[in-house]
Amino acid sequence: MEGELVFNTAMTGYQEVMTDPSYAGQIVTMTYPLIGNYGWNEIDYESLKPSVAGFIVSTLSENPPEHYESKNTMIEILEKYQISALANIDTRALTRIIREKGEVYGKITDDPADKPILNDVDPAVVSSVSTKEKLFYKTSNPANHPTPPHVVVMDFGYKHSIAHSLLELGCDVTVVPYDTAFLEIQRIAPDGVLLSNGPGDPKALKDLSENIKQISESFPTLGICLGHQLIALAHGATTKRLPYGHRGSNHPVKDLQTGKVMITSQNHGYVVDYDSVNNTNWYVSHINVNDKSVEGLKHKSLPLMTVQFHPEAHPGPIDTHHLFVDFIQQFITKGERQHA
């Protein structure tokens, strides 16, 4: 199996990493030396099945200690989904190569002469992980809302925990294909729209910019990761590739409004170019503490916000969860004003 070589610095969460659709087409190297030590459960799937093209670890726990939620070992999962993997690898040396070379493609094979054919990101990768039909989920926690707010999640490769976060906060959720037209979103008539995370180069979806612009100007909107980048592109900004990406659960991000630094979960290889942001209509709301890259945008007049990190993942453990609350509050307050 071949794909783009990337590395993830998280100490835990290997199941969430393997099942995150944003890793589609990538061979993931885990930098933490011991992987598989608490098994594999039926709860922490971020999609229906693993999306990684391959998996590389230093030490694989073949017989993990008993954990009350564990149903399988890592080896059983790799075999079940026929995922090519390597263990007993010097992942520090491999990570160093990726950091120094940037965009690296590789192939897991037993033939040293067998070179990878891939040398670029698949422009059609989002279509391979997005849902093909609408999916509706009813909240079991309506909170204090007599009629639960309804959020449409545009699926560019969404993580299930995004929908779970919205459902737990009392929202009904409809997941739709990534290329769902503005008129169809209008017909659904949601209270808000969320553009999800996903794999690949955001510029490969540039033809969706006008559609995304219409949606984000018509409904309270939140963009996460790839969704953040696509909204920025739709509103005139540009994106660029990072030298080796941000992937892990310990990335510090500063909220420029409050000055607070949050520990965030991240998985992306592209960022919004800071200098391309239209300062007339937008302001940069968050930056990465390590490299000062754009981590969030907020529109000055529309209920429209985006973040590069993953607020549905709680590494802190709840550092960024308030962003979902802020998003929902935008259309709850709007509805109250409309019906006052």
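The rules we used
Residues numbered from 1 in each chain as written. Predicted model: local features only at pLDDT ≥ 70, side-chain atom pairs only at ≥ 80, totals over all residues. Heavy atoms only, no water. Helix = DSSP H or I, 4+ residues; strand = E, 2+ residues; numbered from the N terminus. Buried < 20%, exposed > 50% of the residue type's maximum accessible area, 1.4 Å probe, protein only. Lys, Arg positive; Asp, Glu negative; His and termini not counted. Salt bridge = Lys/Arg side-chain N within 4 Å of Asp/Glu carboxyl O. Contact = heavy atoms within 4.5 Å. Core = buried A, V, L, I, M, F, W, Y, C linked by side-chain atoms within 4.5 Å. Pairing = 2+ DSSP bridges. Axes fitted to C-alpha atoms, helices over the stretch in contact; angles between N-to-C directions.

Colleague: Please explain the side chain of Glu 295 as it appears in this structure.
Modeller: Here Glu 295 is to be found in strand 18 (residues 294–299). With no salt bridge to any partner, buried Glu 295 finds its closest opposite charge in Lys 292, at an N-O distance of 11 Å. Glu 295 has contacts with His 246, Val 253, Gln 266, His 268, His 286, Ile 287, Asn 288, Thr 306, Val 307, Gln 308 and Phe 309, leaving out every residue within four places of it along the chain.

Colleague: Sorry, what's going on with the nonpolar core here?
Modeller: Generally speaking, nonpolar side chains in soluble globular proteins are found buried as a group. Core analysis: the biggest nonpolar cluster contains 33 residues, and Met 154, Phe 156, Val 193, Leu 205 and Ile 212 have the highest contact counts within it. Broken down by secondary-structure element, the contributors of at least two residues to this core are helix 4 (125–129), strand 11 (150–155), helix 6 (182–188), strand 13 (192–195), helix 7 (209–218), helix 8 (226–234), strand 17 (282–288) and strand 18. The dominant element in this core, judged by the number of residues it contributes, is helix 8, at 6 residues. Other than its neighbours up to four places away in sequence, Ile 212 contacts Phe 156, Leu 195, Leu 230, Ile 231 and Ala 234. Membership of the second largest hydrophobic core comes to 25 residues, among which are Val 151, Leu 167, Val 173 and Val 307.

Colleague: Sorry, what's going on with the sheet that holds strand 2 (residues 26–30) here?
Modeller: The strands making up a sheet associate through hydrogen bonds between their backbones, and the pairing can be parallel or antiparallel. Read across the open sheet, the 5 strands follow the order 8-5-2-1-9; overall the sheet is mixed. Two strands close off the open sheet at either side, each with one partner strand: strand 8 (84–86) and strand 9 (104–107). With direction set aside, neighbouring strand axes in the sheet form an average angle of 30°. In the sheet, strand 1 (residues 2–8) pairs with strand 2 via 5 bridges, with the strands oriented parallel. Its bridge partner being in strand 2, Val 6 is matched across the sheet by Val 28. The sheet contacts of helix 3 (residues 91–101) involve strand 1, strand 2, strand 5 (54–56) and strand 9, and relative to strand 1 the element is tilted by about 105°.

Colleague: Any chance you could explain the environment of Thr 73 here in plain terms?
Modeller: Inspection of the secondary structure puts Thr 73 in the loop between strand 7 (70–72) and helix 2 (74–80). Residue class for Thr 73 comes out buried when judged on its relative accessible area of 17%. A sequence separation of 169 residues divides Thr 73 from Leu 242, and the C-alpha atoms of the two residues are 34 Å apart. Setting aside chain neighbours within four positions, we find Thr 73 in contact with Glu 62 and Pro 64.

Colleague: Where do I start with the sheet that holds strand 19 (residues 304–307) in this structure?
Modeller: The strand order across the open sheet formed by 10 strands is 10-12-11-13-14-19-18-17-15-16, and the pairing between neighbours is mixed. Where the open sheet ends on each side, the last strands, each with one partner, are strand 10 (135–137) and strand 16 (261–272). Here the strands of the sheet are splayed against their neighbours by 20° on average, with no regard to which way each runs. The pairing of strand 13 with strand 14 (residues 221–224) spans 3 bridges and is classified as parallel. Residue Leu 194 lies in a different strand from strand 14, and its bridge partner there is Leu 222.

By themselves, these observations are geometric and do not establish any function.
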